[in-house]
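Topology and contacts: notes
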Amino acid sequence: MLHLLGVGGANVVFTSDDSPDHVLRFRRDKQIPSSQDVYAFMTAAVYPRLRAAGIDPRSLVDPQIRLISRELLDEAQKLSPVPLMDTKEALLLENCQYYGVSCRIKTLGSSSVGYTDSGIVFISFKPKWLAHSPNAPLEAVHCRTCALNRMRGRPILYCPLRLLSHPREELERFLAHYDLPEKWVQKAAQRFSAAMQSAHVLDALVQVQTDCDPFGILDQKTEMNEKFQVAMATRDCTLYGLIKGDNCVIKLADFDPKDPREKAKFWKNTENNLITGNWYS
Ligand SMILES: O=P(O)(O)O[C@@H]1[C@@H](OP(=O)(O)O)[C@H](OP(=O)(O)O)[C@H](O)[C@H](OP(=O)(O)O)[C@H]1OP(=O)(O)O
Ligand SMILES: Nc1ncnc2c1ncn2[C@@H]1O[C@H](COP(=O)(O)OP(=O)(O)OP(=O)(O)O)[C@@H](O)[C@H]1O
């Protein structure tokens, strides 16, 4: 039996009684690329670059293509609030979330933090742009993510650049926005930052982001090729952490390719608006 876990802009995600350690991720209707394309992009374009940049491969969520029957698709469709792609394939991923019976979860924007009475802490957030935008003014004070949040009038829960330079302090600042008991904030920030650092998660992400997009969306030299798609995917992936006692398991997930033909105009407009509106200053 399936249970609805989450609905995103491009995917609908379920857990199944048969395999609680995994999630099944279906594409929403009218989504191109397919699950098979997403799988190929993750495993052939993104993962090799992150591994070459030194990431611990155990921190990358393990994807598999799962053939699905018409009955399973119908079951998923009945539970889904939005239409699903008519397909014979879905992505099977490790389940990175913890939903214990007494788990309290608070979501702010695209970040969530949960905890149980026994002190298990679950964190999910997007590391976003870990280096300055190559098109930002030289004297930029704010990073791309903070500048965008300022422009949109959204709260700044964490700064990706500070996450890279001062991970424990920035995670403490981030966790303070949630209803986590005070005594667990420091412990969770310490465990999570240690796990991120020992697996070289942020170092590898920032290296791939800068190697794959050295000039920025506004530069004539920038080509809308696979490398650029990898840069944009690694700027929008999700980092999950599950802290139990001294142990912290971290997983990076959600490396969907974005279609530059569809998104280039939006990315260019965003960058121009950030610059002309002085949001970097
Ligand atoms: O533009 P950004 O940086 O806000 O990122 C978008 C995300 O917003 P957020 O992480 O909440 O700030 C946005 O996330 P939400 O839908 O807001 O959860 C999407 O991930 C979007 O990608 P796509 O259009 O679905 O391929 C993301 O668009 P891309 O810019 O990564 O293409
Ligand atoms: N591997 C996973 N383990 C646990 N939960 C997951 C996993 N993948 C996705 N989810 C849950 O499902 C939700 C939607 O999935 P996902 O982020 O993959 O969709 P999306 O369409 O890529 O979203 P976005 O709008 O950010 O692009 C997530 O917010 C998360 O709650």
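Cut-offs used in this document
Residues numbered from 1 in each chain as written. Chains lettered and ligands numbered in written order. Predicted model: local features only at pLDDT ≥ 70, side-chain atom pairs only at ≥ 80, totals over all residues. Heavy atoms only, no water. UniProt positions renumbered as here; feature names shortened; annotations may be inferred. Near = heavy atom within 4 Å. Polar contact = N/O pair within 3.5 Å; in protein donor to acceptor, adjacent residues only side chain to side chain. Areas by Shrake-Rupley, 256 points an atom, 1.4 Å probe, with all protein chains shown as cover. Helix = DSSP H or I, 4+ residues; strand = E, 2+ residues; numbered from the N terminus. Nonpolar A, V, L, I, M, F, W, Y, C, P; charged D, E, K, R; others polar. Phe/Tyr/Trp six-rings, centres within 6.5 Å; stacked < 30°, edge-to-face > 60°. Buried < 20%, exposed > 50% of the residue type's maximum accessible area, 1.4 Å probe, protein only.

With an unreviewed UniProt entry as reference, the chain is termed Inositol-pentakisphosphate 2-kinase, source organism Tortispora caseinolytica NRRL Y-17796. Regarding the chain, the UniProt comment filed under Sequence similarities (unreviewed entry) reads as follows: "Belongs to the IPK1 type 1 family." Quoted verbatim from the Catalytic activity (unreviewed entry) field of the UniProt record, the comment on the chain reads "1D-myo-inositol 1,3,4,5,6-pentakisphosphate + ATP = 1D-myo-inositol hexakisphosphate + ADP + H(+)".

With that settled, consider the site of ligand 2. Lining the immediate environment of ligand 2, one finds 18 residues, of which Gly9, Ala10, Glu94, Cys96 and Gln97 sit closest. The contact in question runs from an oxygen atom of ligand 2 to an N or O atom on the side chain of Arg25, over 2.9 Å. At 3.5 Å from a nitrogen atom of ligand 2 is found a side-chain nitrogen or oxygen belonging to Tyr240. Notes on ligand 2: free accessible area 610 Å², of which the protein chains cover 79%. When residues of the shell around ligand 2 are traced back to their parent elements, those giving at least two are β1 (2-7), β2 (11-16), β3 (22-27) and β5 (89-94). For the shell around ligand 2, the residue count by class is seven nonpolar, six polar and five charged.

Another aspect to go through is the packing of aromatic side chains. Counting across every chain of the model gives 10 aromatic pairs. Each ring, one from Tyr115 and one from Trp184, has its centre 5.6 Å from the other, and the planes form 70 degrees; the classification is edge-to-face. Residue Tyr115 is located in strand β7 (residues 111-115), and its partner Trp184 is located in helix α6 (residues 182-198); the two are separated by 69 residues in the primary sequence. Of the two residues examined, Tyr115 and Trp184, each falls in the buried class. Here Phe125 and Phe174 contribute two aromatic rings whose centre-to-centre distance is 5.4 Å and whose plane-to-plane angle is 55 degrees, an arrangement assigned as tilted. Of the two residues, Phe125 is situated in strand β8 (residues 121-125) and Phe174 in helix α5 (residues 167-175); the sequence distance between them amounts to 49 residues. We classify Phe125 as buried; its relative accessible area is 1%.

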